[in-house]
Amino acid sequence: MARRIGILGGTFDPVHIAHLRGALEVAEQLALDELRLIPSARPPHREAPQVSAEQRLAMVRLAVEGEPRLAVDDRELRRDKPSFTYDTLESLRGELAADDQVFLLLGWDAFCGLPTWHRWQELLQHCHILVLQRPDADSEAPEALRDLLAARSVNDPQGLVGPGGQIAFVWQTPLAVSATQIRQLLAEGRSVRFLLPDAVLAYIQTHGLYRG
Ligand code: ATP
């Protein structure tokens, strides 16, 4: 039986309920065997000075604890330089059977930025793409993606067949939460309770993260 693996990459700075709820809903809707959250390394100049990659990873691990549908994959942080999604997919594919299905989850904003990604036109050789709508995002796809969408999108995500190659949009509970908003609230000394799991909030408080 072909396995069905979902992956959601992100900086997770910090991980929040929109990442988690979106991931869980997709995992359930598409009956995935596993959905992996993959924290990305970031170039040093973009890293908020007080939050290390290890701390972002620790928060993602705490967030998924006790949720069997969600897992954490730390392969991008085990490399000594930031990985391209293409490389991550190739590395993951090396561990799977040829007919296993891989679903790359991208929020609408991330999807719109796709044409700037390394080898973006080859990503679909390794996976299907599932686009999650984001309530705070523009609705027009950029010009560069129109041909790809016309050629590769299917209306029903349940209709994605084979190991990869197609694009579908998935509905999930709209949650206009962003890590940027959470960092801002924390910098202002305001509460972020219920925007992320309590275990993640406790970690942030214990380590004094994101203080202005
Ligand atoms: P930041 O505010 O720091 O840019 P973020 O909240 O967008 O962070 P990321 O770690 O950059 O979080 O996002 C990882 C993935 O999750 C991306 O594909 C992004 O589009 C998606 N995502 C993040 N927030 C939401 C949301 N509220 N709804 C749907 N998708 C989301």
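Attention here is on the structure that accompanies the text.

So, how was this worked out
Residues numbered from 1 in each chain as written. Predicted model: local features only at pLDDT ≥ 70, side-chain atom pairs only at ≥ 80, totals over all residues. Heavy atoms only, no water. Helix = DSSP H or I, 4+ residues; strand = E, 2+ residues; numbered from the N terminus. Rg over C-alpha atoms; globule rule 2.2 N^0.38 Å. Contact = heavy atoms within 4.5 Å. Areas by Shrake-Rupley, 256 points an atom, 1.4 Å probe, with all protein chains shown as cover. Lys, Arg positive; Asp, Glu negative; His and termini not counted. Charge placed at Lys NZ, Arg CZ, Asp CG, Glu CD. Core = buried A, V, L, I, M, F, W, Y, C linked by side-chain atoms within 4.5 Å. Buried < 20%, exposed > 50% of the residue type's maximum accessible area, 1.4 Å probe, protein only. Axes fitted to C-alpha atoms, helices over the stretch in contact; angles between N-to-C directions. Parallel < 35°, antiparallel > 145°, perpendicular 65-115°, else oblique. Left-handed = near helix turned anticlockwise from the far one by under 90°. Nonpolar A, V, L, I, M, F, W, Y, C, P; charged D, E, K, R; others polar. Pairing = 2+ DSSP bridges.

**Remarks on the overall build of the protein chain**
When helices and strands are tallied, the protein chain shows eight helices and six strands. In the protein chain, the succession of helices and strands from N to C terminus is β-α-β-α-β-α-α-β-α-β-α-β-α-α. Its C-alpha radius of gyration of 17 Å places the protein chain within 12% of the 17 Å reference for a compact globule of 212 residues. Here the analysis covers contacts within the protein chain between residues at least 6 apart in sequence; of these, 74% occur between residues at least 24 apart. Counting every atom, the protein chain has about 10,600 Å² of accessible surface; 51% of that belongs to carbon and sulfur. Mean positive and mean negative side-chain charge positions of the protein chain (22 and 28 charges, respectively) differ by 3 Å.

**What about the nonpolar core?**
If you look at the biggest cluster of nonpolar residues, it comprises 38 residues, and the most contacted ones within it are V15, V26, L35, L37, M59 and L130. For this core, the elements supplying multiple residues, two or more each, are α1 (17–29), β2 (34–39), α2 (53–64), β4 (101–107), β5 (128–132), β6 (167–170), α7 (179–187) and α8 (198–207). A per-element tally of this core places α1 first, with five residues. Counting 24 residues, the second-largest nonpolar core is a separate cluster that includes W108, C127, L148 and L149.

**Side note on the packing of α2 against α8**
For the pair α2 and α8, interaxial distance at closest approach is 8 Å and the crossing angle is 150 degrees. Relative to α8, the element α2 is oriented roughly antiparallel. In this structure, α2 meets α8 at a crossing whose hand is right-handed. In contact with Q55, A58, M59, L62 and A63 of α2, α8 contributes A199, V200, Y203, I204 and H207. Here the residues of the contact of α2 with α8 are counted per class, giving eight nonpolar, two polar and no charged.

**Quick word on the pairing of β4**
For β4, a buried count of seven out of seven residues is recorded, marking the element as mostly surrounded by other parts of the structure. Here β4 shows a buried face lined by Q101, F103, L105 and G107 and a second buried face lined by V102, L104 and L106. Across five bridges, the pairing between β4 and β5 is parallel. Of the residues in β5, the one forming a bridge with F103 is H128.

So yeah, pure geometry; function would need other evidence.
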